[in-house]
Number of protein chains: 2
Amino acid sequence: MEIKVLHQVMDWNEDVSEEVKGTLAGHRICMINVMGSPGAGKTTMITSLIEQLRGTFRVGVIEGDIAGQVDAERIASLGVPAVQLNTDGACHIEAMSIQHILPELPLEDLDVIFVENIGNLVCPAEFRIGESLRITILSIPEGDDKVEKYPLMFTDTDCLVLNKYDMLPYFDFDEERVLANYGTVNPGAPLFRISSRTGDGIEELAGFISEQIRKAQS
Amino acid sequence: MEIKVLHQVMDWNEDVSEEVKGTLAGHRICMINVMGSPGAGKTTMITSLIEQLRGTFRVGVIEGDIAGQVDAERIASLGVPAVQLNTDGACHIEAMSIQHILPELPLEDLDVIFVENIGNLVCPAEFRIGESLRITILSIPEGDDKVEKYPLMFTDTDCLVLNKYDMLPYFDFDEERVLANYGTVNPGAPLFRISSRTGDGIEELAGFISEQIRKAQS
């Protein structure tokens, strides 16, 4: 019984995702779905990217959290339009929530919207939200076995960001293992090494994202 | 519609959880539900605790993972009975899965079973699995805002373990913030600081767990 209902919910999510995509295309906005574990550094990466991109593009942010609004306040303090999406306990964002919250952003004045998904390596990957691009973040302290253990998150993404890369000397992290597994489940997909703390690698990642924004706008 | 079904699933889970509890009580086994983010260090902590406890208690392990069996193999290599529970995509363990897999462990010969839940700070907390004790692990690299953002995981637990505590100097982690928030959502609940890498704090945590095993057996 519940499996049938789950399929209905997921089919319905796909339909709404397509509607959201249509709305965003109408405004020539590129929406980027940022996914990763709790504490992988999603907010900090978005903050660093805003600094790099804001000279060229008009950026908005949707901050997903189970509860609270600390992240939206952090982004809003940068002078960027930001709205908080609270899922009230749900472990992922669905397309319906994006459809509902989009009108709260000044869509006429945006080129790109970052959506920070709930910190979770499982469910967010199952739900399309109308995005043009998916970024999965894995931070060095999380360990090198995550691609094997949470395959969908690394398969259904457009790029992988290895964050907290400056911490590599302090952790027993076999980078080759991650590259090999990622290359197997998602052949040819790009990978970036960054440290949001030191700023290393952010410029290169911002360059890739700029290309994607231009593609979505063309 | 799906909400009604969800409630049915959760009510049913509670019933099965009570049945599992009865089975374990019949064997005088203490089952410990270990929860935390991907990469928080659940397997390594369990490994360290096995070394501390195995002189006194007979230990078994149920390793929960979406896919694969690397963790169960790691535990089995210690000579401890271990079974792998694959959830095939689900982001948490339910009581029914435990009920199903328990007969695969030698229950007559065990005092304690560690269940390593799926790496996830959200859904595992919503599902009782027949456990006597819940441990939530938060690792220093994940950041100090997790209690605010994922409150249920820190409310519905019997103790909090701060893992990778030796990494404190390298991260911008405000321990006071965590203690204050944890004290608010779960007043009086114990907290342990450990480093599975250096071994610091493991003995104290093992002492606490030994008490809980004895309580469950009395």
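Residues numbered from 1 in each chain as written. Chains lettered and ligands numbered in written order. Predicted model: local features only at pLDDT ≥ 70, side-chain atom pairs only at ≥ 80, totals over all residues. Heavy atoms only, no water.

### Section: the nonpolar core
In this structure, Ile62, Ile98 and Ile113 of chain A together with Ile62, Ile98 and Ile113 of chain B are the most contacted members of the largest nonpolar core, which totals 84 residues. With sequence-adjacent residues up to four places away left out, isoleucine 113 of chain B is seen in contact with Leu24, Ile29, Cys30, Met31, Ile32, Gly60, Ile62, Leu102, Leu105 and Leu107 of chain B. (Core = buried A, V, L, I, M, F, W, Y, C linked by side-chain atoms within 4.5 Å. Buried < 20%, exposed > 50% of the residue type's maximum accessible area, 1.4 Å probe, protein only. Contact = heavy atoms within 4.5 Å.)

### Some remarks on the interface of chain A and chain B
Listed by partner, the interface residues are 37 residues for chain A and 36 residues for chain B. Between chain A and chain B the total buried area reaches about 2,700 Å² when both faces are included, carbon and sulfur atoms providing 64% of it. Considering only the side of chain A, the residues that lose the most area to chain B are Pro38, Lys149 and Tyr170 of chain A, jointly responsible for 22% of the buried surface there. If you list the elements that add at least two residues to the side of chain A that touches chain B, you get helix H1 (2–26), helix H3 (70–76) and helix H5 (146–149) of chain A. Here the residues of the side of chain A that touches chain B sort into 19 nonpolar, 6 polar and 12 charged. (Buried area = accessible area lost by both parts, 1.4 Å probe. Helix = DSSP H or I, 4+ residues; strand = E, 2+ residues; numbered from the N terminus. Nonpolar A, V, L, I, M, F, W, Y, C, P; charged D, E, K, R; others polar.)

### As for the pairing of strand S6 (residues 159–163) of chain B
Residue and element names in this part refer to chain B. Buried residues dominate S6, accounting for 5 of its 5 residues. Covered by surrounding structure in S6 are Cys159, Val161 and Asn163 together with Leu160 and Leu162, the residues of both alternating faces. The pairing of strand S5 (residues 133–139) with S6 spans 5 bridges and is classified as parallel. Looking at the pairing, leucine 138 lines up with leucine 162 of S6. Strand direction decides the pairing type here: S6 and strand S7 (residues 191–193), joined by 3 bridges, are parallel. Looking at the pairing, leucine 162 lines up with arginine 193 of S7. Viewed along the sheet, the connection from S6 through helix H7 (residues 175–185) into S7 turns out right-handed. (Pairing = 2+ DSSP bridges. Right-handed = clockwise from strand over helix to strand, strands pointing away.)

### Focus: the side chain of asparagine 120 of chain B
Among the secondary structure elements, asparagine 120 of chain B is positioned in the loop between strand S4 (112–116) and S5. With relative accessibility at 1%, the residue asparagine 120 of chain B sits in the buried group. Reaching out from asparagine 120 of chain B, the side chain makes a polar contact with the backbone oxygen of cysteine 91 of chain B at a distance of 2.9 Å. When sequence neighbours within four positions are dropped, the list of residues in contact with asparagine 120 of chain B reads Asn120 of chain A together with Gly36, Ser37, Pro38, Cys91 and Met153 of chain B. (Polar contact = N/O pair within 3.5 Å; in protein donor to acceptor, adjacent residues only side chain to side chain.)

### Concerning empty space enclosed by the protein
Scanning the model with the defined rule gives 1 cavity of 30 Å³ or more in all. Every residue lining the largest cavity is counted, 14 residues in all, and those nearest its centre are Ser139, Pro141 and Glu142 of chain A together with Pro141 and Glu142 of chain B. A per-class count over the lining of the largest cavity returns 6 nonpolar, 4 polar and 4 charged. (1 Å grid on protein atoms, 1.4 Å probe; cavity = no way out; pocket = protein on both sides within 12 Å on 5 of 7 lines; lining within 4 Å. Points joined across faces, edges and corners; volume = space filled by probe spheres on them.)

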